[in-house]
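Here is what each chain is made of, one letter per residue.
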Amino acid sequence: MIGLNAPTIRLHGRAVLHDIRFTALPGQMVALCGPNGAGKSTLLRGLAGLLPGLPGRDPKQVAYLPQGAGCAWGLTVADVVALGRLPHGDRATGPIDRAMALCGLEALRHTRVDRMSGGEVRRAMLARTLATEAATLLLDEPTADLDPAAAHAMMALLRAQAHAGAAVIVVLHALDLARDYADRMVVLNGGRIVADAAPASALPAAAAAFGLPVGLDPQPRLLPPAAA
Amino acid sequence: MIRGLVAAGLGLGALGLLLGAAGFGVPDSAIVWQLRLPRTLLAGLVGAGLGLSGAVLQGGLRNRLADPGLLGIGGGAALGAVVAFYWGLSARFAPALPLGGLAGAGVACLALFGLAGRAPSAPSLILAGVALSALASALLALALALAPNPFALAEITFWLMGGLQDRSLGHLALAAPPILVGMAVLLRLGPGLDALALGEDVARSLGRPVGRTLLWAAIGSALAVGAGTAVAGSIGFVGLVVPHLLRPVLGERPARLLPAAALAGAVLLLGADLLARAAPLLLPLSQEPPLGVLTALLGAPFLVRIARQVAP
């Protein structure tokens, strides 16, 4: 179980989050939604124990993937995924191979991440968080540079992790992905949690936060894969 | 790769015992023990410290241009030695020169963290280092401008170009402990450097905070490079070029480069020092060319070749 209770969280002297009472349960996939600047990433970093003045986390129990994560050097995929084992101080092949298989990276094992496509890099970074086998996964916009099919595949993978017992907390801009895959949608606006419910119930609050109307769309649109 | 570097180091070291101002061979056991042995061991040690420190700093600062000179530690050591020389301390008490160099490196390291703040990040450390280097070279230039006589000016200038001529077992005893301790500190930083490749937030979430990694990187470099500069003068380029020479062969993972960078630094400096010794025997030179000049002459062409291969 991971949570954050804080009356205010300040960053560079500015209050960014107010009255945060949030707890995620194991087996649950939570989507954090809200407009740019609502405080989603800050809340996620707070949960990861990365904000000054908040308690740190056990790196074995909490794996964190920041927004747009890249790599400073031309590490191979195997190198990057093995970094997920750093908190355990081992390079256990079991978790590393499982994480690579889940993310479809076997063929890219020895490829340098600076010579791969954006989507492949994203999968390698996700595999690194999975290799830790942490009880909690914190992911900031993991689908940002993925095509629709790859985004659906990643969300299905994350939901499977949650339903296998992990607490998965995902910052998402794509409300339709949140609605299709999350068990719970937390909507942030202006640094406050304005809704916290099942996606179908929280969607109107999310739409209001963006200033958009909610309704039924009679036009054809992309759907999640039939299996999802 | 590691085996090849060890073999090259041992081979060059053996050559180093056989070659000197007296020519090739073993003229006198005292020459071997008192002159060639300390000189050869110092070349290996100083080179290893420079190469390792370069690999650690490039990894920690996530910057291919980083080297020990960038952080002002080498500059601080040079300034400390020149101050000792300038005030005549070294004339009265010979070890004052390297001790001044060590003190200068220590002061530079303290100033670095004073300037970079309590929780240093890569950009703050680089900026503080550049400021410190500029300060150290300005003060060096001042010392040169105010030099008491032309002889002192020439001596300081020549010392600054780096060299291992006439270094004794005493120099070795003074420099080896800090260099070895510094290298031990630096060799332990591999996992922290690997974690930093994914960014400061990820490194922290993996239990390797950036501040701690950079703090130990600077302390280890101050010991290894400071002590090296204190006995051998400013030898540039080794720390910059060694990691670049190794990456095409070993890959780019910072931790993987560390032991090899120490060995390659030792091999590079042993080779450069052998060239320095051989030059007066082979060429019409009145004295040895400065070591720092030779390392740049040897390293620059390699770096130019690698620069053309680096992807945009």
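A quick note: this is a predicted structure, and the numbers were derived from the prediction, not measured.

Novice: Looking at this structure, I do not really get the pairing of strand 2 (residues 14-24) of chain A. What am I missing?
Specialist: Regular strands show a simple pattern: their side chains alternate between the two faces of the sheet. Residues and elements named next belong to chain A. In the sheet, strand 1 (residues 2-11) pairs with strand 2 via nine bridges, with the strands oriented antiparallel. Residue Gly-3 lies in a different strand from strand 2, and its bridge partner there is Thr-23. Counted between consecutive antiparallel strands, the loop separating strand 1 from strand 2 contains two residues, among which His-12 sits at a positive phi close to 50°.

Novice: I keep staring at helix 8 (residues 169-187) of chain B and nothing clicks. Help me out?
Specialist: An α-helix turns once per 3.6 residues; consequently, residues spaced three or four apart project the same way. Residue and element names in this part refer to chain B. In a regular helix each residue adds 1.5 Å, so 19 residues correspond to 27 Å; helix 8 covers 26 Å between its end C-alpha atoms and thus fits that length. For helix 8, every residue scored as buried is listed here: Leu-172, Ala-175, Ala-176, Pro-178, Ile-179, Gly-182, Met-183, Val-185 and Leu-186. Residues of helix 8 that are buried make contact with helix 2 (29-61), helix 5 (96-116), helix 11 (210-232) and helix 13 (254-282). One side-chain oxygen at the N-terminal end of helix 8 lies 3.2 Å from the backbone nitrogen of Gly-170; it belongs to Ser-168.

Novice: In this structure, what is going on with the packing of helix 3 (residues 73-86) of chain B against helix 7 (residues 150-160) of chain B? I would like to understand it.
Specialist: When two helices pack together, you describe them by how their axes are tilted relative to each other and by the distance separating the axes. Residues and elements named next belong to chain B. Contact pair helix 3 / helix 7: the axes reach a minimum separation of 11 Å and the direction vectors enclose 155°. In terms of axis orientation, helix 3 runs roughly antiparallel to helix 7. The handedness of the crossing between helix 3 and helix 7 is right-handed. Along its contact with helix 3, which presents Ala-78, Ala-81, Val-82 and Phe-85, the element helix 7 presents Ala-152, Glu-155, Ile-156, Trp-159 and Leu-160. Across the contact of helix 3 with helix 7, the residue classes break down as eight nonpolar, no polar and one charged.

Novice: Is there a simple way to think about the pattern of salt bridges in this case?
Specialist: Pairs can form between side chains of opposite charge once their charged atoms are near each other. Residue and element names in this part refer to chain A. Applying the stated criterion across every chain yields a total of 17 salt bridges over all chains. In this structure, Arg-192 engages Asp-19 in a salt bridge whose closest nitrogen and oxygen atoms are separated by 2.8 Å. Within this pair, whereas Arg-192 is found in strand 8 (residues 192-197), its partner Asp-19 is found in strand 2, the two being separated by 173 residues in sequence. Using a relative accessible area of 43% as the deciding quantity, one classes Asp-19 as partly exposed.

Novice: Looking at this structure, how should I read the interface of chain A and chain B?
Specialist: When the parts of a complex come together, some accessible area is lost, and that lost area is often taken as the interface size. Residue-level contacts link 23 residues of chain A with 21 residues of chain B. The largest share of the area that chain A buries against chain B comes from A:Leu50, A:Trp73 and A:Leu86, three residues that together contribute 37% of it. Between chain A and chain B we count three salt bridges in total. Residue B:Arg253 pairs with A:Asp79 through a salt bridge whose shortest N-O separation is 3.5 Å. Here chain A is connected to chain B by five residue pairs in polar contact (both at pLDDT 80 or more). When grouped by side-chain class, the residues that make up the side of chain A that touches chain B number 14 nonpolar, three polar and six charged.

Novice: Got a minute to help me understand the sheet that holds strand 7 (residues 184-189) of chain A in this structure?
Specialist: Two strands in a sheet stick together by hydrogen bonds in their backbones, pointing the same way (parallel) or opposite ways (antiparallel). Residue and element names in this part refer to chain A. If you walk across this open sheet you meet the six strands as 4-5-6-3-7-8, and the pairing is mixed. Edge positions in the sheet fall to strand 4 (62-65) and strand 8, since each of these pairs with one other strand and no more. Taking the axes of each pair of neighbouring strands and ignoring which way they run, one obtains an average angle of 15° across the sheet. With four bridges connecting them, strand 3 (residues 29-33) and strand 6 (residues 167-171) associate as parallel partners. Within strand 6, the residue paired with Leu-32 across the bridge is Val-171. Its contacts with the sheet place helix 1 (residues 40-47) against strand 3, strand 4, strand 5 (136-140), strand 6 and strand 7, and it is angled at close to 150° to strand 5. Here helix 4 (residues 118-131) sits on the sheet in contact with strand 4 and strand 5, set at roughly 165° to strand 4.

Novice: For this particular structure, what's the right way to read the state of the cysteines?
Specialist: Note on terminology: a disulfide is the covalent bond linking the sulfur atoms of two cysteines. Applying the stated criterion across every chain yields a total of zero disulfides over all chains. With no disulfide partner, A:Cys71 has as its closest neighbouring cysteine sulfur the one in A:Cys103, 16 Å distant.

Cut-offs and rules
- Residues numbered from 1 in each chain as written.
- Chains lettered and ligands numbered in written order.
- Predicted model: local features only at pLDDT ≥ 70, side-chain atom pairs only at ≥ 80, totals over all residues.
- Heavy atoms only, no water.
- Pairing = 2+ DSSP bridges.
- Helix = DSSP H or I, 4+ residues; strand = E, 2+ residues; numbered from the N terminus.
- Expected span 1.5 Å × (residues − 1).
- Buried < 20%, exposed > 50% of the residue type's maximum accessible area, 1.4 Å probe, protein only.
- Contact = heavy atoms within 4.5 Å.
- Polar contact = N/O pair within 3.5 Å; in protein donor to acceptor, adjacent residues only side chain to side chain.
- Axes fitted to C-alpha atoms, helices over the stretch in contact; angles between N-to-C directions.
- Parallel < 35°, antiparallel > 145°, perpendicular 65-115°, else oblique.
- Left-handed = near helix turned anticlockwise from the far one by under 90°.
- Nonpolar A, V, L, I, M, F, W, Y, C, P; charged D, E, K, R; others polar.
- Salt bridge = Lys/Arg side-chain N within 4 Å of Asp/Glu carboxyl O.
- Buried area = accessible area lost by both parts, 1.4 Å probe.
- Disulfide = S-S within 2.5 Å.

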